[in-house]
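Residue-level structure breakdown
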Amino acid sequence: MTYRLVAMPSTKPAITLLSPIEDVPGVGPRRGEAFRRLGIPSVAHLLFHLPHRHEREEAEAPIKDLIAGAVVTARGEVTATDMISRGRKPRFRAVLADHTGRLDLIWFHGGYLRDKIHPGMRLLVQGNAKRHPRAGRNDNALQLINPKWERLPETDDPPAIAETRLRPVYPASEELSSVAIESAVDAILEPALSLIEDHLPPHFHKERELPELADAYRMMHKPQSTDDVVRARRRLAYDELLMLQLGVHLRRAQLRATMHAPALDWSEQIEERILARIPFTLTKGQRNVIDDLIADLTKPTPANRLIQGDVGSGKTVVALYAMLLAVASGKQAALLAPTELLAEQHTESISGLLAGSKVRIELLTGSLTPSERSAALARIALGDADIVIGTHAVLTEGVRFADLAVAVIDEQHRFGVRQRAVLREKAGDEHSMPHTLVMTATPIPRTLSLTIFGDLDVSTIPDLPPGRQPIKTVVLPERDSAVAYEALRARLEKGEQGYVVVPAVDAEELRNVRTTMERLEKGALAGKRLAAVHGRLKRQTRDSIMARFRAGQIDALIATTVIEVGVDVPNATTMIVEHAERFGLAQLHQLRGRVGRGGVESACFLIGEPTTPDAEARLSALASTTDGFALAERDFEIRGPGELFGSRQSGLPPFRVADLTRDLDLLGMARRDAAQWIDRSPGLEAPTEKLLKRRLFKAYGVELGLGDVA
Ligand code: ADP
Ligand code: MG
């Protein structure tokens, strides 16, 4: 954020928010460098460098009144000193006494203090007080570990700290302590605060019981009470959330106003023709989502919809419906899958459903020869292909469509606002873009769907097609893996099929696949028909293995995560995941979704030795439910929002103050407020909104593609 430069009505060198850090009294050029290295080049940056916590600092007190657990200050006379060397850590100890009691001061590696601190000396000390059971005694001595100390003159002077206060603890560095930052803040706080303009009108924050912006900063740096800290945090967190929400809603309003998409035809006849291609009755969830899609796609506004449905909920036919609507209007559709394997499988199953129709399907993957590829590109550009199926990479490669109306992005867990900008380019002119549908089996936790994905409409398929059997999930330690392999073997004997998944992130680990296969061929699965699939196989080889597996000519696949998404072989009923602790929760849920797709009860064995609490939590979450929505929420709790909200998923900068796990109420409030605000003032053009708009564009303009600052 930038702040308006206002000259101070003063004769002293005026501090402005843009003043370089060196101008802060007491900082100067040498320290200035240290501030800059901490990311604090100016007064404004100093003001926005917020304490990450506050410590209660007690007023100086007689030793018997000191409180354990607080930062305490005391003075007294050193009555004894010694070195304690237990193990490798020599510690220097001094006993400090006043007329009320005694206190142990301990310095780790404090040998250098032997020559500095002597009995009889008077000291002022400050540090975190802890109770420590003194060996051989039943009283609990108070201890200060590595206290700050200062030698006192013989004459008594006034107490160092007269009042209890909350001391801000700043993110600091080795060369620049929190205390040094605090004194720099002290030097500029009031004059700097007087220059801060609030971007929210007074009535607005009053109605929400939020403090004014300058007050919030004051209370953060110099709180009078913990209540001040809470109130200040609330305002600053709310601001961040509101800014993002305003950005998202503004973006949406801009798109609505400037972009158009083809309004597709829909009629009962079209519906009948499409449904005739789908060999089963749609579930209620599928039907509802399709109704959402019909409403979207028949409008000239670009749809932007996320379809979430658990693994196996039948998202493919929903996508097919949307694509056939495009084709019925004489336009093109694209289906983008995360892997070639999945693109190929989609091509196969969709070609099956559309067999005998006039719909022309084009598969575009990286394994086409250059001449095949240019022929395919020509067909797409000339409109001779109706449905184009390919990997996500198709987006970024130089593919031009004749008339792309619907783009379906399948199994996309990470998508930012930017990706849609790419799609926009796929359409003819700069003001048109295809309707975009994103399908995911990794539902976005409710909280997140309200933030980054705030500009997506969301439809959910909450149910599974009838007849699905639950998947029994068992977590086993490595030494019990025989149990899993016996179970798998028993299933294979019955003519069912299975998967053994091994982690393999690099070429080296691909050997795991081979060694696992050799081990199983000789041991647990001897006599069974096994084959290995992984990302390094040639496409033809992999295709033929998958085809044989589907046809039942292979009993079990030893696979890497290439089978993670979408592979659909209903006769596969058992999965064993080796080193399950190495996979993420969402990934394991996806993997597990490869079984339980037919009418037979399925089993999933997760073999692993979790070494971290997180890994353990993931595995037990998986064993406890197969509900992808519950798992996504759990994953969010385990990993925290940082990971998800980080640049990886959204491409947006992280929050400074807001915390999605605890600021849910603020998020809801910010979202409602932003929606109303943009409704009322779609372009933020009012003179009173100027500052807000400037700060908003500064924070999110680029990331959200908000266009040029007005
Ligand atoms: P996902 O949502 O994981 O992509 P798919 O679209 O691959 O799920 O569907 C999983 C399986 O369920 C497929 O074999 C599909 O043919 C089948 N299926 C989809 N919808 C239904 C339905 N309404 N009734 C019966 N089977 C269905
Ligand atoms: Mg799918």
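What you see is a predicted model, and the numbers here were worked out from it, not measured in a lab.

1. Observations concerning the pairing of strand E11 (residues 361-364)
Where E11 lies against strand E12 (residues 387-391), four bridges are found, and the strand directions are parallel. What sits directly across from Ile-361, in E12, is Ile-387.

2. Here we look at the site of ligand 1
In the region of ligand 1, 16 residues are neighbours, and Gly-312, Lys-315, Thr-316, Arg-468 and Asp-568 sit closest. Taking Thr-281, its main chain carries an N or O atom lying 2.8 Å from a nitrogen atom of ligand 1. One of the side-chain N or O atoms of Arg-597 is found 3.2 Å from an oxygen atom in ligand 1. Protein coverage of the free-state accessible area of ligand 1, which is 570 Å², stands at 82%. For the shell around ligand 1, the class distribution of residues is four nonpolar, seven polar and five charged.

3. Re the sheet that holds strand E16 (residues 471-476)
Taken together, six strands build an open sheet; the order of strands is E16-E21-E20-E17-E19-E18 and the sheet is parallel. One side of each edge strand has no neighbouring strand; the edge strands of this open sheet are E16 and strand E18 (530-533). For this sheet the average axis-to-axis angle between neighbouring strands, irrespective of direction, equals 20°. When E18 meets strand E19 (residues 556-559), the two strands line up parallel, connected through four bridges. Across the sheet, residue Ala-532 finds its bridge partner in E19, namely Ile-558. Along the sheet, helix H15 (residues 481-493) makes contact with E16, strand E17 (497-501), E19, strand E20 (572-577) and strand E21 (602-607), crossing E21 at roughly 155°. On the sheet, helix H17 (residues 539-550) packs against E17, E18, E19 and E20 and is oriented at approximately 135° with respect to E18.

4. Notes on the sheet that holds strand E9 (residues 304-309)
Read from one edge of the open sheet, seven strands run E11-E12-E10-E13-E14-E9-E15, paired in parallel fashion. The open sheet has two edge strands, E11 and strand E15 (457-461), and neither has a second partner. On average, adjacent strands in this sheet sit at an angle of 20° to one another, irrespective of strand direction. Contacting strand E10 (332-337), E11, E12 and strand E13 (404-410), helix H10 (residues 340-353) crosses the sheet at an angle of about 155° to E12. With respect to the sheet, helix H11 (residues 370-382) is in contact with E10, E11 and E12, its orientation differing from that of E11 by roughly 135°.

5. Points about the pattern of salt bridges
Counted by the stated rule, this structure contains 39 salt bridges. Taking the shortest distance from any N to any O, the salt bridge between Arg-252 and Asp-457 comes out at 3.2 Å. Here Arg-252, found in helix H6 (residues 226-258), pairs with Asp-457, found in strand E15; they are 205 residues apart in sequence, far enough to count as distant. With its nearest N and O atoms 3.5 Å apart, the salt bridge here joins Lys-693 to Glu-685.

6. Brief notes about the confidence of the model for the chain
Per-residue confidence for the chain gives a mean pLDDT of 85; residues scoring 70 or more make up 88%. The least confident element of the chain is helix H21 (residues 647-650), whose mean pLDDT is 42; the most confident is helix H8 (residues 284-297), at 97. Taken as a whole, residues 1-10 scores under 50 in pLDDT and shows 22 contacts with residues more than four places along the chain or in a different chain. This model gives residues 642-650 a pLDDT under 50, and the stretch forms 29 contacts once residues within four places in sequence are excluded.

7. Side note on the packing of H8 against helix H9 (residues 315-328)
Remark: H8 packs on H9, axes separated minimally by 10 Å, with the N-to-C direction vectors making an angle of 25°. When the axes of H8 and H9 are compared, the pair comes out roughly parallel. Here H8 and H9 pass one another in a crossing that is right-handed. Here Gln-286, Arg-287, Val-289, Ile-290, Leu-293, Ile-294 and Leu-297 of H8 lie close against H9, whose contacting residues are Val-317, Val-318, Tyr-321, Ala-322 and Leu-325.

8. Things to note about unusual backbone geometry
Phi at His-109 is positive, roughly 50°, even though this residue is not glycine. By the element assignment, His-109 lies in the loop between strand E4 (102-108) and strand E5 (122-133). Residue His-109 is classed as exposed on the basis of its relative accessible area of 52%. Phi angles above zero are rare outside glycine, and Asn-146 is one such case at about 45°. Following the sequence through the fold, Asn-146 ends up in the loop between strand E6 (140-145) and strand E7 (148-151). For Asn-146, a relative accessible area of 41% gives the class partly exposed.

Analysis parameters
- Here the residue index of a chain counts from 1 through its sequence in written order.
- Note on labels: chains are lettered from A, ligands numbered from 1, in written order.
- A pLDDT threshold of at least 70 governs which residues receive local features in this predicted model, and a stricter bar of 80 or more applies before side-chain atom pairs are shown or counted, although totals over entire chains, interfaces and linings include all residues.
- With hydrogens and water set aside, each side-chain value is computed from the structure's full complement of heavy atoms.
- A pair of strands is labelled paired if DSSP reports no fewer than 2 bridges between them.
- The way it works is that DSSP assigns letters per residue, a run of H or I at least four long becomes a helix, a run of E at least two long becomes a strand, and they are numbered from the N terminus.
- We define proximity as follows: a residue is near a molecule or strand when any one of its heavy atoms falls within 4 Å of that partner.
- Two N or O atoms form a polar contact when they lie within 3.5 Å of each other; inside protein one atom must be a possible hydrogen donor and the other a possible acceptor, and for residues adjacent in sequence the pair counts only when both atoms belong to side chains.
- The method behind every accessible area is Shrake-Rupley, applied with a 1.4 Å probe, and residues are considered shielded solely by the protein chains displayed.
- Residues are grouped as follows: nonpolar covers Ala, Val, Leu, Ile, Met, Phe, Trp, Tyr, Cys and Pro; charged covers Asp, Glu, Lys and Arg; every other residue, Gly included, is treated as polar.
- Axis lines are fitted to C-alpha atoms, over the contacting stretch for helices. Their N-to-C directions set the angle, which ranges from 0 to 180 degrees.
- Contact definition: two residues touch when any of their heavy atoms are within 4.5 Å.
- We count a salt bridge whenever a side-chain nitrogen from Lys or Arg sits within 4 Å of a carboxyl oxygen from Asp or Glu.
- pLDDT gives the predictor's per-residue confidence on a scale running from 0 to 100.
- Note on terminology: angles under 35 degrees are roughly parallel, angles over 145 are roughly antiparallel, angles of 65 to 115 are roughly perpendicular, and the others are oblique.
- By convention, the crossing between two helices is left-handed when the near helix turns anticlockwise from the far helix through less than a right angle, and right-handed when the turn is clockwise.
- Only protein chains enter the calculation, and the probe is 1.4 Å; a residue is then buried if its accessible area is under 20% of its type maximum, exposed if over 50%, and partly exposed in between.

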